[in-house]
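One letter stands for each residue in the lines below.
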Amino acid sequence: MPPELHTNDITTSGGRRLAQLAKLEARARAANKAQLKPKPTITTPTLKTWPDEVRGVPNAFLRSALFGAVRKCSRTDQKMVAINSIGGVQISYTGTRLDQIDLSVWLSVLHLSRRQMLGHELRYKAYGVLKLMKKTDTGKNRKLLHDRLLRLAACTVEVVLGDTSYTGSLIKDFYKDGNSLEYVVILDARLNALFSKSGFSYIDWSIRSALD
């Protein structure tokens, strides 16, 4: 015969079951809340915007000789070379030495990208970039553009200015779409650090374009 159940035993057993049920219900409520809780949104930065008449340039580059006046015969490949600079800027550069045309190409790409998400594929027609540079759409100038994009993608720049720093290429990646014939360019999202509120300046593009 089964052992006799006392009232105290029944009460204790029922209490345990109720406690277990309460724990299960609490876990279920917590799981439901976790599912309903909105997940944090991961945003990709965009560059600061500026008017069409100007170009935004990081002050670190304006205060340094990163983009120099270079003759073809004197262009050299550099490896972790300290670039002359002022105003507390420190720049180390690896790659083929950059010149003012490289800067114009880079600024034109930045200008076209300033309202778009960095780190994503951005598409440009060669004609559009050359037009911004106030150059005619010729085979010679298209080759110039392609060569400069290659140079900007192949280099590595390490910039330190106060609490701001950036290490990477000036163009993270690019290729030419064989179907649309567009350039597909990717800019490193970390470039945004060089465009803080006091980290960049405007230059008048019409004046710069008039310089040889």
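Calculation rules
- Residues numbered from 1 in each chain as written.
- Predicted model: local features only at pLDDT ≥ 70, side-chain atom pairs only at ≥ 80, totals over all residues.
- Heavy atoms only, no water.
- Pairing = 2+ DSSP bridges.
- Helix = DSSP H or I, 4+ residues; strand = E, 2+ residues; numbered from the N terminus.
- Axes fitted to C-alpha atoms, helices over the stretch in contact; angles between N-to-C directions.
- Polar contact = N/O pair within 3.5 Å; in protein donor to acceptor, adjacent residues only side chain to side chain.
- Contact = heavy atoms within 4.5 Å.
- Salt bridge = Lys/Arg side-chain N within 4 Å of Asp/Glu carboxyl O.
- Buried < 20%, exposed > 50% of the residue type's maximum accessible area, 1.4 Å probe, protein only.
- Phe/Tyr/Trp six-rings, centres within 6.5 Å; stacked < 30°, edge-to-face > 60°.
- pLDDT = per-residue confidence, 0-100.

Asker: Looking at this model, I keep getting lost on the sheet that holds strand 3 (residues 77-83). Mind explaining?
Answerer: In any sheet, the strands associate via hydrogen bonds between backbone groups, in a parallel or an antiparallel arrangement. Pairing is antiparallel in the open sheet, where four strands are placed in the order 3-4-7-8. In this open sheet, the two edge strands, each paired with only one partner strand, are strand 3 and strand 8 (164-168). Mean inter-strand twist for the sheet, computed between neighbouring axes without regard to direction, equals 5 degrees. Two elements, strand 7 (residues 156-161) and strand 8, share five bridges in a ladder whose sense is antiparallel. Residue pairing across strands places Leu161 opposite Thr164, the latter belonging to strand 8.

Asker: Can you help me understand the side chain of His111 in this one?
Answerer: Relative to the helices and strands, His111 resides in helix 3 (residues 100-113). Looking at His111, its side chain comes within polar contact range of the side chain of Trp50, at 2.9 Å. Sequence-distant contacts of His111, that is, excluding residues within four places in its chain, are made with Trp50, Pro51, Asp52, Val54, Arg55 and Leu132.

Asker: Quick question: what am I supposed to make of the pattern of salt bridges here?
Answerer: It is possible for side chains bearing opposite charge to pair when their charged atoms get close. Inspection of the entire model under this criterion finds nine salt bridges. With its nearest N and O atoms 3.2 Å apart, the salt bridge here joins Asp102 to Arg148. A residue pair is termed long-range when its members are at least 10 positions apart, and Asp102 in helix 3 and Arg148 in helix 5 (residues 139-154) qualify at 46 residues. Considered together, Asp102 and Arg148 belong to a single accessibility category, that of buried residues. The salt bridge partner of Arg190 is Asp188, with a shortest N-O separation of 2.6 Å. Residue class for Asp188 comes out buried when judged on its relative accessible area of 9%.

Asker: Please explain the packing of aromatic side chains as it appears in this structure.
Answerer: Here a ring pair, both rings aromatic, is described through the centre-centre distance and the interplanar angle of the planes. If you walk through the whole model with that rule in mind, you get eight aromatic pairs. Relative to Phe200, the ring of Trp50 has its centre 6.1 Å away and its plane inclined at 50 degrees; by these criteria the two rings are tilted. Here Trp50 is found in the loop between helix 1 (7-36) and strand 1 (54-58), whereas its partner Phe200 is found in strand 11 (residues 200-204), with 150 residues between them in sequence. In this pair, the class of Trp50 matches that of Phe200, namely buried. Between the aromatic rings of Phe195 and Phe200, the centroid separation amounts to 5.5 Å while the plane-to-plane angle is 50 degrees, which identifies the pairing as tilted. For the pair Phe195 and Phe200, one class covers both residues: buried. One aromatic cluster is present, built from ring pairs that chain together Trp50, Phe195, Phe200 and Tyr202.

Asker: So what exactly am I meant to see when it comes to the environment of Thr46 here?
Answerer: Relative to the helices and strands, Thr46 resides in the loop between helix 1 and strand 1. Classification of Thr46 by relative accessible area gives partly exposed; the value is 31%. Apart from residues no more than four positions distant in its own chain, Thr46 is found in contact with Arg114, Arg115, Gln116, Met117, Leu118 and Asn192.

Asker: Teacher, can you tell me more about the pairing of strand 3 here?
Answerer: In summary, the side chains of a regular strand alternate between the two faces of the sheet. With five bridges joining them, strand 3 and strand 4 (residues 89-96) adopt antiparallel strand pairing. In the strand pairing of strand 4, Gln78 is matched with Gly95. Hairpin geometry of strand 3 and strand 4 is characterised by an intervening segment of five residues between the two adjacent antiparallel strands and by a positive phi of about 70 degrees at Gly87.

Asker: Whenever I open this one, the confidence of the model for the protein chain confuses me. Can you help?
Answerer: Close inspection of predicted coordinates is inappropriate in any region flagged by low pLDDT. Scored by pLDDT, the protein chain comes out at a mean of 84, with 78% of its residues at no less than 70. Low pLDDT, under 50, characterises residues 34-42; the predicted model gives this stretch zero contacts beyond four residues in sequence or across chains.

Asker: Can you walk me through the environment of Gly128 in this structure?
Answerer: With respect to the element layout, Gly128 can be found in helix 4 (residues 126-132). When the C-alpha positions of Gly128 and Glu182 are compared, they lie 10.0 Å apart, and in sequence the two are 54 residues distant.

Asker: Would you mind going over unusual backbone geometry with me for this structure?
Answerer: The bulk of non-glycine residues show a negative phi, and the bulk of peptide bonds are trans. Unusually for a residue other than glycine, Lys134 sits at a positive phi of about 60 degrees. Counting through the fold element by element, Lys134 comes out in the loop between helix 4 and helix 5. Even without a glycine there, the phi angle at Leu181 is positive, about 60 degrees. Secondary-structure assignment places Leu181 in the loop between strand 9 (173-176) and strand 10 (183-186).

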